[in-house]
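# An overview of the molecular structure
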Amino acid sequence: MHPGTARIITNSSDMISHPKCRLVRVCLIAGLGVLGLAALALWSIWSRSTIQYDHLAAVAGASSPIALSVETEVQIKSFCGDCHAVPRPESFPRDAWNEAISRGYEYYARSGRNDLDPPPMRLTLDYYRARAPKELVFSAAEEADVPLKTTFTTEAFGLDKAEDLAPAISHLRWTRLEPDGNPVLLACDMRDGSVMAVDVRDRQSPAWLLARANQPCHVEPCDLDQDGLIDLAVADLGSFYPYDHDHGRVLWLRRIAEERTYETFVLASGLGRVADVRPANFDGDGKVDLLVAEFGHYHTGGILLLRNISEPGKRPEFKPERIDSRPGTIHLPIDDFDGDGRADFLALISQEYECVDLFLNQGGANFQRRSLWAAPDLTFGFSGIELVDLDADGDRDVLYTNGDAFDNSYVNPWHGVQWLENRGDLQFTCHRLADMPGAYRALAGDIDNDGDLDIVVVAWLPPQVRPASVSPVTLAAILCLEQTSPGRFVRHTLEEGKPHHATLEMADFDGDGDLDFAVGPHVVSSRLTNVREVPHEVTVWWNRRSESNP
């Protein structure tokens, strides 16, 4: 079966019962990969996007360029920018370009293409080394002058894991499992394949296992069979570490009536790495469809719609339809962006694209793609996206992070948090809110109960980061960005040192009127040499605002 072909299964004999071990969300290349998917149509968007980040290049202080002929420079830019924006020399320190250039030429040789005219590798290396800074320069983070108007206490909730097996929490989701029940915190662990539930309101209740997959990456509540019970849809990557394969799947955890258990069905298989799944009725027929982000790797990936074609009263059956064929889609938040009553969606696409695209539903789940924003460089490191009305003007803005460093372990000065402000008529303006190496997930909420939205951000980085001038023990792991006036945010560092949080959830967990948040550890190595170096628990940060300000 082709890696990009979905296989529909509705038989319970295809239930999953064995976990596998391995992950790391992949970005495509360290510098100038030249694979064969032309993205020249995005060049004008990338060009406009560079304006906001030009100050970073100036701070970096590149050395004087060497003299190359105009023809050679054109040849270099044409070769290095054939399938994505031309890599910017300031993306890496000077000595890192040796490895990056070598890898770029290697990728081209392996691609099987022969339609380009590669310049001599020596000249390409000279071009980038001469224009790259000797070292990347990171601006000192400026903390808020006034303390945050709330305090937090932390509490760990155990997940019943093997003591020496490193946790790999990929997603947290606060939701009800019963229509009239209390919400619980769901946790996906990509290392042992577990989807678990934690009742953070009941300290005496241990976490319980809902199902096992291979590498569950995302979980969403839904009711696929419309029986009034809350089911779960799970995105299963199919491998811990990134490579092209057809092991990715979409799972349906069907709730068993009157029991606390679930039956697992495979709704689609034969996919690349599946990073996200979102339920919605896209074609207006009243049935729940599933939107799937197939992150893939080099040759697999895309966006699929699993259209619900089941007959009334019958078990759900889905027809796969490919919406987009680019690898690298991370998240697919759904909303009605043009106000026509139909479900549209955003796609955060990484790899060589590094863009935010809007897919407008034209009716019948036929989508028109529109580019909202694209990064100025393919090393930007998109990592997460969320829809929120950050400026409280009545429309949905886009909050996103860029801090992925797992392709080459390099952190960049432009890692951080951004806000795409919705200006109306599907026009968005980008605002940079904060620098944060490794920024991976951001959620907005009124943390200090002052009537506007603040932002909590978590970071996730490899255990050994580059450049050597950056020390993981001094980096921020959790930030709170307090909104002090419309569109202005100040920084409060809540935790620092060895960032290992790949996910975040925010809600009023204890029902006391203020917002709490939860984080889970995600460790790259499978075994812990020191079991105390990373907690095995989900950690809840209880907001004590209501206690200190009755």
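Our subject is the structure that appears above.
Below: a short report on this structure. (Residues numbered from 1 in each chain as written. Predicted model: local features only at pLDDT ≥ 70, side-chain atom pairs only at ≥ 80, totals over all residues. Heavy atoms only, no water.)

### Section: the pairing of strand β27 (residues 501–507)
With seven of its seven residues buried, β27 lies for the most part within the structure. Alignment of β27 against strand β28 (residues 516–521), held across six bridges, turns out to be antiparallel. Bridge assignment links T503 to a residue of β28, and that residue is G520. (Buried < 20%, exposed > 50% of the residue type's maximum accessible area, 1.4 Å probe, protein only. Helix = DSSP H or I, 4+ residues; strand = E, 2+ residues; numbered from the N terminus. Pairing = 2+ DSSP bridges.)

### With respect to the nonpolar core
Grouped together as the largest cluster of nonpolar side chains are 28 residues, with contacts concentrated most on L346, V356, W373, F382, V398, Y400 and L420. Residue assignment for this core shows that the elements contributing at least two residues are β16 (344–349), β17 (355–361), β18 (367–374), β19 (382–388), β20 (397–402) and β22 (427–435). Setting aside residues no more than four positions away along its own chain, L420 makes contact with V356, W373, D397, V398, Y400, F428, T429 and C430. (Core = buried A, V, L, I, M, F, W, Y, C linked by side-chain atoms within 4.5 Å. Contact = heavy atoms within 4.5 Å.)

### Focus on the packing of helix α4 (residues 97–111) against helix α5 (residues 121–131)
Axis separation between α4 and α5 bottoms out at 10 Å; the angle between their running directions is 140°. Taken together, the axis directions place α4 and α5 in an arrangement best described as oblique. For the crossing formed where α4 meets α5, the hand is right-handed. Within the contact between the two elements, α4 uses W97, N98, I101, S102 and Y105 and α5 uses M121, T124, L125, Y128 and R129. Taken together, the residues of the contact of α4 with α5 sort by class into six nonpolar, three polar and one charged. (Axes fitted to C-alpha atoms, helices over the stretch in contact; angles between N-to-C directions. Parallel < 35°, antiparallel > 145°, perpendicular 65-115°, else oblique. Left-handed = near helix turned anticlockwise from the far one by under 90°. Nonpolar A, V, L, I, M, F, W, Y, C, P; charged D, E, K, R; others polar.)

### What to know about the packing of aromatic side chains
Taken as a whole and assessed by the stated rule, the structure comprises 24 aromatic pairs. Considering the side-chain rings of W373 and F380, the 5.7 Å spacing of their centres and the 50° angle between planes classify their relative orientation as tilted. On the accessibility criterion, W373 (8% relative accessible area) is buried. Looking at R260, its charged tip hangs above the ring of W208, at a distance of 3.4 Å from the centre. (Phe/Tyr/Trp six-rings, centres within 6.5 Å; stacked < 30°, edge-to-face > 60°. Lys NZ or Arg CZ within 6 Å of the ring centre and 35° of its normal.)

Fair warning: the whole summary comes from geometry, so function is off the table for now.
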